[in-house]
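What follows is the residue order along each chain.
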Amino acid sequence: MESVDGGTPGPGKDVDVRLRPAAEPDLAMMRRFCTEPGLIGLDWAGFRDAGAPARRFAVDGWLGADDGRLVVEVGQDQAAAGLVSYTSGRYAGLASYWEIGIVLLPEWRGRGIGWRAQAMLCDYLFHHTPAQRIQAGTHPENLAEQRALEKAGFQLEGVVRACEFRAGTWRDGYLYSRLRDDPPPVHG
């Protein structure tokens, strides 16, 4: 798969943003997300098997038919800034959808990279799969991700009550969606 390019820097853009398949050197970053408390922010759910990313990479390079991960690459030096993920789901009959997520390393947050990477992932999935719907969840307190999803063309659908167990308690989440025929976000 070729990289998905977010264009060259322009007004309001700090760096180029691209999506590309994971490569062997990216496994170190994936291991960090499994073992460094707080690195992924509010989504930290405890320590995870640090060898799991390499085992999955060996199977399909994180490009499965039902789920996968792409590396968010930034700048002229092609630095790996984080990951976007996609997982298939189904509501009723043939109503399939994608659930997407993102995690950026702390030094790349707050620079407009997240919303652009999520918009590019949606464009990629709508172009290469027949899904009508892409959805994403976030935490009520994650205002930056709420703004990023809205900039990426998502609409808030509502609150999903007690959907996540984190930090010793059940917490609500916000569910956002973007449909194939929704207006695309303005890239730039």
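Source: prediction; values computed, not measured.

Draft legend 1. The environment of D43, seen in detail. Along the chain, D43 falls in the loop between α1 (27-35) and α2 (52-60). Sequence-wise, D43 and E164 are 121 residues apart; in three dimensions their C-alpha atoms are separated by 9.5 Å. Apart from the residues lying within four places of it in its own chain, the contact partners of D43 are H139 and E164.

Draft legend 2. Highlighting helix α4 (residues 143-151). Those residues of α4 that fall on the buried side of the exposure criterion are E145, Q146, A148 and L149. Seen from one end, α4 has its buried residues packed into an arc of 165°, which puts them on one side. One or two positions beyond α4, positive phi appears at G153, with a value near 100°.

Draft legend 3. Region of interest: the side chain of D26. Tracing the backbone through its elements, the reader meets D26 in the loop between β2 (17-21) and α1. What makes D26 buried here is its relative accessible area of 5%. Among the polar contacts listed, one links the side chain of D26 to the backbone nitrogen of A23, at a separation of 2.7 Å. Setting aside chain neighbours within four positions, we find D26 in contact with R20, P21, V71 and A80.

Draft legend 4. Molecular detail of the nonpolar core. Counting 43 residues, the largest nonpolar core has V72, I100 and F154 as the members making the most contacts within it. When contributions to this core are tallied by element, the ones reaching two or more residues are β2, α1, β3 (67-74), β4 (79-90), β5 (96-104), α3 (113-128), β6 (133-138) and α4. Ignoring sequence-local partners within four residues, the contact set of V72 consists of V17, R18, L19, A79, A80, A81, G82, L83, V84, L104, I113 and A117.

Draft legend 5. Examining the packing of aromatic side chains more closely. Tallied over the full model, the rule gives four aromatic pairs. In this structure, R69 is placed above the aromatic ring of W62, and the distance from its NZ or CZ to the ring centre is 4.0 Å.

What counts as what
- Each chain has its residues counted from 1, following the order in which its sequence is written.
- A pLDDT threshold of at least 70 governs which residues receive local features in this predicted model, and a stricter bar of 80 or more applies before side-chain atom pairs are shown or counted, although totals over entire chains, interfaces and linings include all residues.
- Side-chain measures here rest on the full set of heavy atoms in the structure, leaving out hydrogens and waters.
- To qualify as a helix, a DSSP run of H or I must reach at least 4 residues; to qualify as a strand, a run of E must reach at least 2; elements of each kind are numbered from the N terminus.
- Two residues form a contact once any of their heavy atoms are found within 4.5 Å.
- Think of it in three bands: with a 1.4 Å probe and only protein chains considered, a residue is buried below 20% of the maximum accessible area for its type, exposed above 50%, and partly exposed in between.
- This arc describes the spread of directions from the helix axis toward the C-beta atoms.
- For this analysis, a polar contact is any N or O atom pair within 3.5 Å, provided that within protein one partner can donate a hydrogen and the other can accept it, and provided that sequence-adjacent residues contribute only side-chain to side-chain pairs.
- Within this scheme, the nonpolar core is defined by two criteria: the residues are buried Ala, Val, Leu, Ile, Met, Phe, Trp, Tyr or Cys, and they are joined through side-chain atoms within 4.5 Å.
- Note on aromatic contacts: the rings of Phe and Tyr and the six-membered ring of Trp form a pair at centre separations within 6.5 Å, being stacked when their planes are under 30 degrees apart, edge-to-face when over 60 apart, and tilted otherwise.
- Distance and angle both matter: a charge sits over a ring if NZ of Lys or CZ of Arg is within 6 Å of the ring centre and within 35 degrees of the ring normal.

Shape descriptors only; they carry no functional weight alone.
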